[in-house]
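Breakdown of the fold
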Amino acid sequence: MSGALGGFSATILGLIFVTSTPAGVAVGVASLVASLFGGVGNDTGKVIQNGVSAMTEMARTLQPLTRYDLFQIRFPFLEFSLQNGTIIRFVSGKGVIERAHSGSGWEIV
């Protein structure tokens with residue numbers, strides 16, 4: 001499993017530091033899900049795919065809101081604890097925008 005976790009870490013770093021578009025983030029997350037749960041066809045994979053879809057939808061919703069530079073969003077998640085103590089979380093559904101940041105500070109949305 002350590003090889004899979006190495007790939008997981010590399011994918012997350014790629015999402016944080018390399019990807020700059022919502023579509024790129026969605027593709028990165030989708031490929032992470034596919035690499036960890038590909039071919040499983042179980043309920044867990046479906047829940048994770050729902051999360052990927054929800055993040056993609058949220059990214060599309062936020063894209064036209066150019067007056068804001070940061071958003072605080074609360075997403076539900078599915079959490080796995082591995083035997084070595086590592087915790088992996090996946091977004092599992094639609095998120096809620098709690099507040100947005102602009103030049104004048106944080107605003108409740």
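**A closer look at the overall build of the chain**
Counting its regular elements, the chain contains three helices and five strands. For the chain, buried positions account for 28% of its 109 residues. Partitioning the intrachain contacts of the chain with sequence separation of at least 6 by distance along the chain shows that 50% fall at a separation of at least 24. Just so you have it, the chain exposes about 7100 Å², and 58% of that area is on carbon and sulfur atoms.

**Here's the deal with the pattern of salt bridges**
One pass over the structure, following the stated rule, counts three salt bridges. E98 is the partner of R74 in a salt bridge, and the nearest nitrogen-oxygen pair spans 2.5 Å. With a gap of 24 residues between them, R74 in strand β1 (residues 70–74) and E98 in strand β4 (residues 96–102) connect regions that are remote in the sequence. Since its relative accessible area comes to 25%, E98 is described here as partly exposed. Residue E79 pairs with R89 through a salt bridge whose shortest N-O separation is 2.7 Å. Separated by 10 residues along the polypeptide, E79 in strand β2 (residues 77–81) and R89 in strand β3 (residues 87–91) bring together distant segments of the chain. Take E79: its relative accessible area is 37%, and that puts it in the partly exposed class. What makes R89 exposed here is its relative accessible area of 52%.

**What about the sheet that holds β1?**
Reading across from one edge, β1-β4-β5 is the order of the three strands in this open sheet, with antiparallel pairing throughout. Both outer strands of the open sheet, β1 and β5 (105–108), are each paired with one neighbouring strand and no more. The sheet shows a mean angle of 25 degrees between the axes of neighbouring strands, taken without regard to direction. Examined bridge by bridge, β1 and β4 share five bridges and lie antiparallel to one another. Counterpart to L70 in the pairing with β4 is H101.

**Some thoughts on the confidence of the model for the chain**
Here the chain shows a mean pLDDT of 74. Residues at 70 or above account for 61%. Model confidence for the chain, summarised as mean pLDDT per element, is weakest for helix α1 (residues 2–17) at 44 and strongest for β5 at 93. Taken as a whole, residues 1–19 scores under 50 in pLDDT and shows 20 contacts with residues more than four places along the chain or in a different chain.

**Some thoughts on the pairing of β3**
In terms of strand pairing, β2 meets β3 through five bridges, oriented antiparallel. When the sheet's bridge partners are listed, F80 is paired in β3 with I88. Where β2 folds back on β3, the antiparallel hairpin that results is connected by five residues, among which G85 adopts a positive phi of roughly 95 degrees.

**Side note on the pairing of β5**
Bridging between β4 and β5 involves four bridges; their strand directions are antiparallel. Across the sheet, residue S102 finds its bridge partner in β5, namely G105. Counting the residues that bridge the hairpin from β4 to β5 gives two residues.

**Here's the deal with the environment of S53**
One can find S53 in helix α3 (residues 43–62). Separated by 39 residues in the primary sequence, S53 and S92 place their C-alpha atoms 9.2 Å from one another.

Analysis parameters
- Residues numbered from 1 in each chain as written.
- Predicted model: local features only at pLDDT ≥ 70, side-chain atom pairs only at ≥ 80, totals over all residues.
- Heavy atoms only, no water.
- Helix = DSSP H or I, 4+ residues; strand = E, 2+ residues; numbered from the N terminus.
- Buried < 20%, exposed > 50% of the residue type's maximum accessible area, 1.4 Å probe, protein only.
- Contact = heavy atoms within 4.5 Å.
- Areas by Shrake-Rupley, 256 points an atom, 1.4 Å probe, with all protein chains shown as cover.
- Salt bridge = Lys/Arg side-chain N within 4 Å of Asp/Glu carboxyl O.
- Pairing = 2+ DSSP bridges.
- Axes fitted to C-alpha atoms, helices over the stretch in contact; angles between N-to-C directions.
- pLDDT = per-residue confidence, 0-100.

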